[in-house]
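A look at the structure
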Amino acid sequence: MDSYTFEVTDLKQWAYCPRVVYYRYCLPDVRPVTTLMATGIASHQDEGAREERRSLRPYGLTEGERAFDLTLHSAQLGVRGRLDLAIAVPTRAAPRAEAVVVEYKDSERAAGTHFKLQLAAYALLLEEAWGLPVRRGFFYAIPTRQVEPVTITAALRRKVVQTVHALRTAVVGEQMPEAPESRRPCVSCEFRRFCNDVV
Ligand code: SF4
């Protein structure tokens, strides 16, 4: 058994370009925190403060118990992360019948596959932490204040497990993954200097 615990954000990054995750773990200390990353962290924190004053209506809920900036960890999956918002939803029969995951994003574009994979990973972690089913989640777009629903499907759940397995195989075995087919992510990538075979 290896000692790696991966971040939920690694799964999103893996879907975008697996090599970035590989470099992060296998070439530690080379990745700077860019201004863009620092700005993203700050805007998420601001949004959390606003969210506390908002109703649950955008999520189609009338009642729910909210938990912000929730630190989650699954020893079984080997993944940890910090979820922007979790909501425990009651029914007439139970005060906590299901849970919902919410992530804020700084983009107004519809969530791509990599974002959905990230949300599904949080869903699995929250299910384990709270012992409640998580069947749905939402992205809250900060620029437009619009909510995008996402169903946590069986296929998404499988994809989370498969991605963690692929990630672990690459990092533990120090096997550099293939570059993505598209070279668009390479244009502004801070790891360009390590990818002489493709850029
Ligand atoms: S340069 Fe391209 S292939 Fe290499 S890590 Fe960056 S995005 Fe991935």
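Residues numbered from 1 in each chain as written. Predicted model: local features only at pLDDT ≥ 70, side-chain atom pairs only at ≥ 80, totals over all residues.

1. What about the overall build of the protein?
The cut-off we apply is this: A run of H or I in DSSP counts as a helix once it spans at least four residues, and a run of E counts as a strand once it spans at least two, with each numbered from the N terminus. A residue is called partly exposed when the number of other C-beta atoms within 10 Å of its own lies between 12 and 20, exposed at 12 or fewer, and buried at 20 or more, with C-beta atoms placed from the backbone. By definition, residues are in contact whenever their C-beta atoms, placed on the basis of the backbone, come within 7 Å of each other.
When you go through the protein residue by residue, the secondary structure sums to 5 helices and 6 strands. The secondary structure elements of the protein, listed N-terminal to C-terminal, are β-α-α-α-β-β-β-α-β-β-α. By the burial criterion, 27% of the 199 residues in the protein qualify as buried. Excluding contacts between residues fewer than 6 apart, the proportion of contacts in the protein whose partners are at least 24 apart in sequence is 64%.

2. Here's the deal with the site of the ligand
The line we're drawing: Using the backbone to place each C-beta atom, any residue with that atom within 6 Å of a molecule or strand is considered near it. When residues are sorted by character, Ala, Val, Leu, Ile, Met, Phe, Trp, Tyr, Cys and Pro go into the nonpolar class, Asp, Glu, Lys and Arg into the charged class, and all the rest, Gly among them, into the polar class.
Every residue lining the ligand is accounted for by Cys 17, Arg 19, Val 20, Ala 179, Pro 185, Cys 186, Cys 189, Phe 191, Arg 192, Cys 195, Val 198 and Val 199. Among the residues forming the shell around the ligand, the class breakdown is 10 nonpolar, no polar and 2 charged.

3. Quick word on the nonpolar core
Our working rule: One nonpolar core equals one set of buried Ala, Val, Leu, Ile, Met, Phe, Trp, Tyr and Cys residues connected by C-beta atoms within 7 Å.
Residues Val 100, Val 101, Ala 121, Tyr 122, Ala 123 and Leu 126 are the most contacted members of the largest nonpolar core, which totals 40 residues. Every element with two or more residues in this core is listed here: helix 1 (8-16), helix 2 (18-26), strand 3 (79-89), strand 4 (98-105), helix 4 (113-130), strand 5 (134-141) and helix 5 (154-172). Here this core takes 10 residues from helix 4, the largest share from any one element. Residues in contact with Val 101, not counting those within four places in the same chain, are Leu 83, Ala 86, Leu 119, Tyr 122, Ala 123, Leu 126, Val 134 and Gly 137.

4. Considering the packing of helix 1 against helix 5
Keep this limit in mind: Whenever a helix is involved, its axis is fitted only over the stretch in contact; in every case the axis is a line through C-alpha atoms, and angles between N-to-C directions fall within 0 to 180 degrees. Orientation is classified from the angle alone, with under 35 degrees giving roughly parallel, over 145 giving roughly antiparallel, 65 to 115 giving roughly perpendicular, and any other angle giving oblique.
Helix 5 packs onto helix 1 with a crossing angle of 80 degrees between their chain directions and a minimal axis gap of 10 Å. It follows from the interaxial angle that helix 1 and helix 5 lie roughly perpendicular. Touching Asp 10, Leu 11, Trp 14 and Ala 15 of helix 1 are Val 160, Thr 163, Val 164 and Leu 167, all from helix 5. Residue composition of the contact of helix 1 with helix 5, grouped by class: 6 nonpolar, 1 polar and 1 charged.

5. Some words on helix 1
Of the residues making up helix 1, those classed as buried are Val 8, Asp 10, Leu 11, Lys 12 and Trp 14. Where helix 1 is buried, its residues touch strand 1 (6-7), helix 2, strand 3, helix 4 and helix 5.

6. Let's talk about the environment of Val 100
Relative to the elements of secondary structure, Val 100 occurs in strand 4. C-alpha of Val 100 to C-alpha of Ala 86: the two residues are 14 residues apart in sequence and 5.7 Å apart in space. With residues up to four places along the chain from it excluded, the contact list for Val 100 reads Tyr 59, Ile 87, Val 89, Val 134, Arg 136, Gly 137 and Phe 138.

7. What to know about unusual backbone geometry
Phi angles above zero are rare outside glycine, and Asp 69 is one such case at about 50 degrees. Its location among the elements puts Asp 69 in strand 2 (residues 65-74). The exposure class of Asp 69 is exposed, given the 12 C-beta atoms found within 10 Å. At Glu 174, a position not held by glycine, the phi torsion is positive, near 50 degrees. Tracing the sequence through the fold places Glu 174 in the segment after helix 5.

8. Remarks on the pairing of strand 4
On a regular strand, each side chain points to the face opposite its neighbour's, so the side chains alternate between the two faces of the sheet. To keep things clear, this is the line we draw: Note: two strands are recorded as paired if DSSP finds a minimum of 2 bridges between them.
Summarising burial for strand 4: 7 of the 8 residues are buried, a large majority. Across 5 bridges, strand 3 lies against strand 4 in antiparallel orientation. Following the sheet pairing, Leu 85 is matched in strand 4 by Val 102. Pairing analysis gives 7 bridges linking strand 4 to strand 5, with the strands arranged parallel. Residue pairing in the sheet places Val 102 in a bridge with Phe 138 of strand 5.

9. Concerning the pairing of strand 5
Applicable threshold: A right-handed crossover is one whose linking path, passing over the helix from the first strand to the second, runs clockwise when the strands point away from the viewer.
At this point the chain moves from strand 4, through helix 4, to the parallel strand 5, and the crossover so formed is right-handed. Direction of pairing for strand 5 relative to strand 6 (residues 146-151): antiparallel, over a ladder of 6 bridges. Residue pairing for strand 6: Phe 139 is matched across the bridge by Glu 148. Taken together, strand 5 and the strand that follows it, strand 6, pair antiparallel across an intervening segment of 4 residues, in which Arg 145 is found at a positive phi of about 60 degrees.

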